[in-house]
Amino acid sequence: MTTTDLAERSTHAHRIREHIVDMCGGPMGGHLGGSMSLVEILTTLYFGVLRGDPAAPPAPDRDLLLLSKGHGAVGLYAALAERGVLEVAELAGYGTAGSRLMAHPIREVPGVPMPAGSLGHGLALANGYALAGRREDWPRRIFVILGDGELQEGSVWEAAMATATLRLDRVVAIVDRNGLQITGRTEDTISVEPLADRWRSFGWCVRDVDGHDLPALESALSELPAEPGRPTVLIARTVKGRGLPFIENRRESHYAKLSARQYQRARAVLASQWERSLARSGGRIVTALATREAYRDALVEQLPTDDDRFYCLDSDTGLFTGVDFGAAADRYVNLGIAEHNLIGTAAGLAASGMLPYVTTMATFATTRALEAIKVDVAYAGLPVRIAGTHAGLSAGHLGPTHHCLEDLGIVRMLPGFTVVVPASGEQADQAVRQTATLPGPVYLRLGKAGTPALPELDAEPFTVGTIQKLTAGEDLTIFACGPHPVRAAVSAARLLASKGIGVAVHNLHTLRPLDVNALVTAAAPAKAVITVEEHWRLGGLGSLVAENAGRASPETGRTDRHARHLRRSRRRPGRPPGPLWHQ
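Conventions we followed
- Residues numbered from 1 in each chain as written.
- Predicted model: local features only at pLDDT ≥ 70, side-chain atom pairs only at ≥ 80, totals over all residues.
- Heavy atoms only, no water.
- Helix = DSSP H or I, 4+ residues; strand = E, 2+ residues; numbered from the N terminus.
- Buried < 20%, exposed > 50% of the residue type's maximum accessible area, 1.4 Å probe, protein only.
- Contact = heavy atoms within 4.5 Å.
- Lys, Arg positive; Asp, Glu negative; His and termini not counted.
- Charge placed at Lys NZ, Arg CZ, Asp CG, Glu CD.
- Pairing = 2+ DSSP bridges.
- Axes fitted to C-alpha atoms, helices over the stretch in contact; angles between N-to-C directions.
- Left-handed = near helix turned anticlockwise from the far one by under 90°.
- Nonpolar A, V, L, I, M, F, W, Y, C, P; charged D, E, K, R; others polar.
- Salt bridge = Lys/Arg side-chain N within 4 Å of Asp/Glu carboxyl O.
- pLDDT = per-residue confidence, 0-100.
- Polar contact = N/O pair within 3.5 Å; in protein donor to acceptor, adjacent residues only side chain to side chain.
- Core = buried A, V, L, I, M, F, W, Y, C linked by side-chain atoms within 4.5 Å.

Peer 1: For the overall build of the protein chain, give the residues involved together with the corresponding values.
Peer 2: Tallying secondary structure elements over the protein chain gives 20 helices and 19 strands in all. Its C-alpha atoms give the protein chain principal-axis dimensions of roughly 80 × 60 × 45 Å. The buried share of the protein chain, taken over its 583 residues, is 54%. Considering only contacts in the protein chain between residues 6 or more positions apart, those separated by 24 or more positions represent 76%. Considering the protein chain, the positive charge centre built from 61 side chains and the negative charge centre built from 61 side chains are found 7 Å apart.

Peer 1: Could you give an account of the sheet that holds strand S8 (residues 310-314), with specific residues and numbers?
Peer 2: Pairing is mixed in the open sheet, where seven strands are placed in the order S9-S8-S10-S11-S13-S12-S17. Either end of the sheet is taken by a strand with one partner, and the two such strands are strand S9 (332-334) and strand S17 (510-512). Strand-to-strand twist in this sheet, taken as the mean axis angle between neighbours without regard to direction, amounts to 20°. Note: strand S12 (residues 418-420) against S17, two bridges, orientation antiparallel. Counterpart to Val419 in the pairing with S17 is Arg512.

Peer 1: Describe the packing of helix H3 (residues 39-49) against helix H4 (residues 73-83), and please don't skip the residues or the numbers.
Peer 2: Taken N-terminus to C-terminus, the directions of H3 and H4 make an angle of 30°; their axes are 10 Å apart at the nearest point. Considering the relative orientation of H3 and H4, their crossing is right-handed. Across from Leu42, Tyr46 and Phe47 in H3, the residues of H4 making contact are Gly75, Leu76, Ala79, Leu80, Glu82 and Arg83. Partitioning the contact of H3 with H4 into residue classes produces six nonpolar, one polar and two charged.

Peer 1: Explain the pattern of salt bridges to me, and be specific about the residues and the numbers.
Peer 2: This model, assessed by the stated rule, comprises 27 salt bridges. One salt bridge connects Asp22 with Arg267, and the closest N-O pair in it is separated by 3.7 Å. On the criterion of sequence distance, the pair formed by Asp22 in helix H1 (residues 3-24) and Arg267 in helix H10 (residues 260-279) is long-range, its members being 245 residues apart. With a relative accessible area of 31%, Asp22 lands in the partly exposed category. Assessed through its relative accessible area of 25%, Arg267 is described here as partly exposed. Asp197 serves as the salt-bridge partner of Arg200, at 3.1 Å between the closest nitrogen and oxygen.

Peer 1: Got a sec to walk through the confidence of the model for the protein chain? Specific residues and values, please.
Peer 2: Looking at the protein chain, pLDDT values average 87 and 91% of them are 70 or higher. The model gives residues 281-286 a pLDDT under 50, and that stretch makes ten contacts with residues more than four places away or in other chains. Throughout residues 554-583 the model reports pLDDT below 50, and contacts reaching past four residues in sequence, or to other chains, amount to 64 contacts.

Peer 1: Give me the lowdown on the pairing of strand S18 (residues 528-532), citing residues and values where you can.
Peer 2: Along S18, five of the five residues are buried, which leaves the element largely enclosed by surrounding structure. By the alternation rule, side chains of S18 split into Ala528, Ile530 and Val532 and Val529 and Thr531, which are all buried. In the sheet, strand S15 (residues 476-480) pairs with S18 via five bridges, with the strands oriented parallel. Its bridge partner being in S18, Thr477 is matched across the sheet by Val529.

Peer 1: Residue-level account of the environment of Gln468, with values.
Peer 2: With respect to the helices and strands, Gln468 occurs in strand S14 (residues 468-469). Residue class for Gln468 comes out buried when judged on its relative accessible area of 1%. Those residues in contact with Gln468, other than ones at most four positions away along the chain, are Gln427, Leu457, Glu460, Pro461, Phe462, Val505, His506, Asn507 and His509. Polar side-chain contacts of Gln468 include one of 2.9 Å to the side chain of Gln427.

Peer 1: Describe the side chain of Thr44, naming the residues involved and giving the relevant values.
Peer 2: If you trace the backbone, Thr44 turns up in helix H3. Residue class for Thr44 comes out buried when judged on its relative accessible area of 1%. Here Thr44 is in contact with Val49, Leu214, Leu217, Glu218 and Leu221, once residues within four sequence places are set aside.

Peer 1: Break down the sheet that holds strand S6 (residues 205-210) for me, citing the residues and quoting the values.
Peer 2: Spatial strand order, S1-S2-S3-S7-S6: five strands in an open sheet with parallel pairing. The sheet terminates laterally at strand S1 (64-67) and S6, the two strands that pair on one side only. Direction aside, neighbouring strands of the sheet carry axes that sit 20° apart on average. Pairing of S6 with strand S7 (residues 232-237) involves six bridges; the strand directions are parallel. Bridge pairing in S7 links Asp208 to Ile235.

Peer 1: An account of the nonpolar core is needed here, citing residue identities and associated values.
Peer 2: Formed by 51 residues in total, the largest nonpolar core has its most connected members in Leu45, Phe143 and Ile174. Not counting chain neighbours up to four residues away, the residues in contact with Phe143 comprise Leu45, Val49, Leu50, Asp63, Leu64, Leu65, Leu66, Val172, Ile174, Leu221 and Leu224. Counting 44 residues, the second-largest nonpolar core is a separate cluster that includes Val384, Tyr443, Val520 and Ala522.

If you want it as structure tokens, here you go:
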């Protein structure tokens, strides 16, 4: 497993835990402990092992997952939502009247091939699926997740004996060995040890693994069957309630209805753990791809496509050193340290029907080459894409000549420009693709270095021209843009949430065209509004919010009181007092 794969799976696991806590913090509560113990297992299966679309009908090449321990349903729903099979919004209705998401899964839920709840059924069902698959020579595999308390059911061992006797080597059992059941420890109730020896005596190939170690799980499940002609069982040693120290290894966590205080505590603990895990990976910070690097990679993919209108013009940035553009090599041109010529050449290409991408440092693009951008690109309405790298304070160590704290104010004044500030490498990639064929000029504001992955950025899709809601709350609204400000805003929201203060963080990644209705609606319910950015107060995000938050709300038709206050306060020197200010 690569470092990137591990970082991605860790992110998925973290979000699955958050979904589980959210459901168990709802009106019905849920089987919290046994769902938390499954998280890494489900993450490995859904993002590394299972073949085919989990929501699709059974097919010869689609692997199946049967949750025999049906009380792990909350974990299953969370994983299905993270995988995209369920909408995250649907999880909020878990356990309520009319919802298909019940305390134990039913077939009406996409990704659930058979209902579960009565223990001891899953392995026999897997045998049936495997027999049918063998007759038709289908390559599909059947994975069954069993609870260790479930192994006290005699039907499990009847099925296990049949699996081995029938040589159904496409059946894989995974035992969630967390050591607890409703009344206490499994070994104090009906002992299942020596567990590995018992499975071997029934003819199974046994693998023992740390059920919370993602690379170990990947390795254990990478080559199946482990032995041809023999079914495989993975004994995954887990911790019930994993991720929440105050409930770990406690039988009371079997079914929990979290109070408001417990819910806030659980979310705060998960956030704190996530912060620490991001800060350590073999002593190094685990970072996502920098926005400028993701821009480069997207461009390298885009240039050699069938559309030969794409050009890449460079100003000796070094960003493309060693890059192979293949058949499009003649459409990469390094014009050296000459920003005015860079913009003029791009304008000439665009006027000839081409789609040029210009890459230079943001401060040089928007100050040294401003006249060319204004006259040759903006006034002419030409489709030149300008990627300003090292924006904001991301080139801090290079000194003030390389800082860029004016660019957004400058570019968003110019007619026709689309202005986008991606908050992550993935968003930079999407920004390149979504703006590729827009008719007018585009400015992409990119940072220098990568930032730690932020799971909240995937809460809603990234779409140019919209505002992305990352966290919910009605006490305070924060608008932010760019990798570092957005991350700082989310970190603040997590901290305040642990103190009972609800904060709605919005990633205002597109400054033009601005979704004014979304901005006004987002600001309206809050007691205070804050903007966070790497830019001077004037002209940037703070100005943008102040200029537009006072427009009539699409829902109430009333002018927002925070913007009225700001307009009054702006007449006075210094930071405006009161509820709306810019940091």
